Amino acid sequence: MKRKLIAAIGVAGMLVSVAACGSDDSASSQDPKDRKETLTVWLMGEAQSTWPELVKDTNAEFNKKYPNVNVKVQYQQWADKVKKLDTSLGGDKFPDVVELGNTETMQYILNGALGEIDPSKYENSDTWIKGLKDTCTFEGKTYCVPYYASARLAVYNKDMLKAGTGSDALPQTEDEFLAAMDKVSAELGKKDKRASSLYFPGRYWYAAMSYVAAYGGQIATYDEGAKEWKSALSTPEAQKGLEHYVNLVKKYNKADQTKDEQDHANVMANEKAAVIYGQAWEAGSVTGGENGNPKLEGKIATAGMPGPEGKALPSFIGGSDLATISKSKIQDLGEEWIALYTNAKGGEVLASKNVLPNNEKQLEPLKSKPETAAIANAVPDAWFTPIAPGWASVEKEEILENLLLEILKGSSVADASKKADDKVNALINKKA
């Protein structure tokens, strides 16, 4: 799911002054049975709908040690979580523990909102998946705990694919895949001119940057000599990836090409798309949930997305992290709750749900499990956005989305990417 950073980084300038407050030492030295605080934990809705037993068991284990501490778990939605969190941090009612998307963490690290943690206190920290660990680390310090990983892959309608190609198995090379999409397009066009064989929205920058990565390009690179980041969107490799992506949008997206990917699972649920490029859990959103289509149950499958030059398409590594809030007076309790929630037992629960755990050790068996092989194997080679202070700003999405729209509307890739380079360079080295 795309996680919009609704508020700008300046929201919590006031938090910097309290970043070092930490836990109340007198409280943390109390007998655990004498602790009577309320620990407020913000988790996203997936925990409530998909692994509620993990939450329940963690609370039960925590209360064995702290029987009089009330753990209040509050479930949030991605659409408004950031706005709610920013508002709460400006007042005196805020969570003690919060789940953050891995693209959100840098913003809160830089503005002092998150408490520093000691990785050695957390199980499997020596094998945390690097793409998640990096999002929790800044200037040698760690500010959050990896929770789970995700990667994007092809989500497809088996019936639509079979109607066009005679097979419900997704081809493994891009040449074969695009030939199949041509056949599916022709078949869909007989019934619905607005249905897309491959539904790639024009502003889907996560997908576009995957094609940039496929050709060896990057959003930006760090210049060790100059000690600064430099945008790389106008390099030949990046331009090749951008052009490839926009050509796919133009050829296969028969709907509004200027949209983003926020509702692409709904598009598939309405049988307007044969293939989308999304996260594994979005296959469930197609058939279930508020906007799902139960009639498609058993007809939606996932597979690795074929990429250029005979290789799988590199995926953006998504996922979530857990952090304590620096303003909290009970950070010690928050740290212990997170440690229980993310331990090896917790990883086993996630793995049993086909969700990728936070560490390489527990990820390994999922690489050969049919239901998870495609996504688990995509994680080690996945790409991530620049780990740079200025990149935490919401402006990054606008720059990349506008870059794609300009090319889609007729600007040359060279001109559009050069303009984007200038904007990225102005943003990426900006101090928080």
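These numbers come from a predicted model, not from an experiment.

How each quantity is defined
Residues numbered from 1 in each chain as written. Predicted model: local features only at pLDDT ≥ 70, side-chain atom pairs only at ≥ 80, totals over all residues. Heavy atoms only, no water. 1 Å grid on protein atoms, 1.4 Å probe; cavity = no way out; pocket = protein on both sides within 12 Å on 5 of 7 lines; lining within 4 Å. Points joined across faces, edges and corners; volume = space filled by probe spheres on them. Nonpolar A, V, L, I, M, F, W, Y, C, P; charged D, E, K, R; others polar. Salt bridge = Lys/Arg side-chain N within 4 Å of Asp/Glu carboxyl O. Buried < 20%, exposed > 50% of the residue type's maximum accessible area, 1.4 Å probe, protein only. Core = buried A, V, L, I, M, F, W, Y, C linked by side-chain atoms within 4.5 Å. Helix = DSSP H or I, 4+ residues; strand = E, 2+ residues; numbered from the N terminus. Contact = heavy atoms within 4.5 Å. Disulfide = S-S within 2.5 Å. Axes fitted to C-alpha atoms, helices over the stretch in contact; angles between N-to-C directions. Parallel < 35°, antiparallel > 145°, perpendicular 65-115°, else oblique. Polar contact = N/O pair within 3.5 Å; in protein donor to acceptor, adjacent residues only side chain to side chain.

> So what's going on with empty space enclosed by the protein? Residues and values would help.
Under the definition given, this model contains 4 cavities of 30 Å³ or more. Roughly 110 Å³ of volume is contained in the largest cavity. Along the lines of polarity and charge, the residues of the lining of the largest cavity split into 7 nonpolar, 5 polar and 1 charged.

> Can you explain the pattern of salt bridges? Please cite residues and give values.
Considering all chains together, one arrives at 20 salt bridges under this definition. A salt bridge links Asp134 to Lys130, with the nearest nitrogen and oxygen atoms 2.6 Å apart. Look at Asp134 and you get partly exposed, because its relative accessible area is 25%. The residue Asp223 makes a salt bridge to Lys230 at a minimum N-O spacing of 3.1 Å. On the basis of relative accessible area, Asp223 is assigned to the partly exposed category, the value being 25%. Salt bridges sharing partners connect three or more residues here, namely Arg35, Glu37 and Asp332.

> Requested: an account of the nonpolar core, with residues and values cited.
Membership of the largest hydrophobic core comes to 58 residues, with the highest contact counts inside it found for Met181, Phe200, Met209, Tyr245, Val275 and Met305. Broken down by element, the residue count for this core peaks at 8 residues, all from helix H9 (residues 205-214). Apart from the residues within four sequence positions on either side, Met181 is in contact with Leu161, Ser197, Leu198, Tyr252 and Val275.

> Describe in detail the state of the cysteines, supporting the description with residues and values.
For the structure on display, the rule yields 1 disulfide. Through a disulfide, Cys136 is tied to Cys144; the S-S separation comes to 2.0 Å. The sign of the S-S torsion, about -110 degrees, decides the handedness of the disulfide formed by Cys136 and Cys144: left-handed. Judged by its relative accessible area of 0%, Cys136 falls in the buried class.

> Explain H9 to me, and be specific about the residues and the numbers.
Since one α-helical turn is 3.6 residues long, residues separated by three or four positions face the same way. H9 sits mainly inside the fold: 9 of its 10 residues count as buried. Residues Trp205, Tyr206, Ala207, Ala208, Met209, Ser210, Tyr211, Val212 and Ala214 constitute the buried set of H9. In this fold, the buried residues of H9 make contact with strand E6 (145-157), helix H8 (174-189), helix H10 (236-252), strand E10 (273-279) and helix H17 (395-408). One or two steps after H9, the chain reaches Gly216, where phi turns positive at roughly 90 degrees.

> Explain the layout of surface pockets to me, using residue names and the numbers behind them.
Volume-wise, the second largest pocket comes out at about 430 Å³. Along its surface, the second largest pocket is lined by 22 residues, and Gln218, Ala382, Trp383, Phe384 and Thr385 are the ones closest to its centre. Elements supplying a minimum of two residues to the lining of the second largest pocket: helix H6 (130-133) and H9. Here the lining of the second largest pocket takes 3 residues from H9, the largest share from any one element. Considered class by class, the residues forming the lining of the second largest pocket number 15 nonpolar, 4 polar and 3 charged.

> Go over the packing of H9 against H17 with me, naming the residues and quoting the values.
Across the interface, H9 lies against H17 with an axial gap of 10 Å and an inter-helix angle of 75 degrees. With respect to their mutual orientation, H9 and H17 come out roughly perpendicular. Only Glu397, Leu400, Glu401 and Leu404 of H17 make contact with H9, whose side of the interface consists of Trp205, Tyr206, Ala208 and Met209. When the residues that make up the contact of H9 with H17 are grouped by side-chain class, the tally is 6 nonpolar, no polar and 2 charged.

> Go over the environment of Asp96 with me, naming the residues and quoting the values.
You can see Asp96 is positioned in the loop between helix H4 (81-89) and strand E3 (97-101). Taking C-alpha positions, Asp96 is 5.5 Å from Ser328, a pair spaced 232 residues apart along the chain. Discounting chain neighbours no more than four positions away, the residues touching Asp96 are Thr38, Leu39, Thr40, Ala323, Thr324, Ile325, Ser328 and Ile330. Looking at Asp96, its side chain comes within polar contact range of the side chain of Ser328, at 2.8 Å.

> So what's going on with unusual backbone geometry? Which residues, and what values?
With a phi close to 65 degrees, Asn124 is a non-glycine residue in the positive phi region. Positionally, Asn124 belongs in the loop between helix H5 (105-110) and H6. In this model, Glu271 sits at a positive phi of 60 degrees, which is unusual for a non-glycine residue. Looking at the element boundaries, Glu271 is found in the loop between helix H11 (264-269) and E10. Classification of Glu271 as partly exposed rests on a relative accessible area of 34%.

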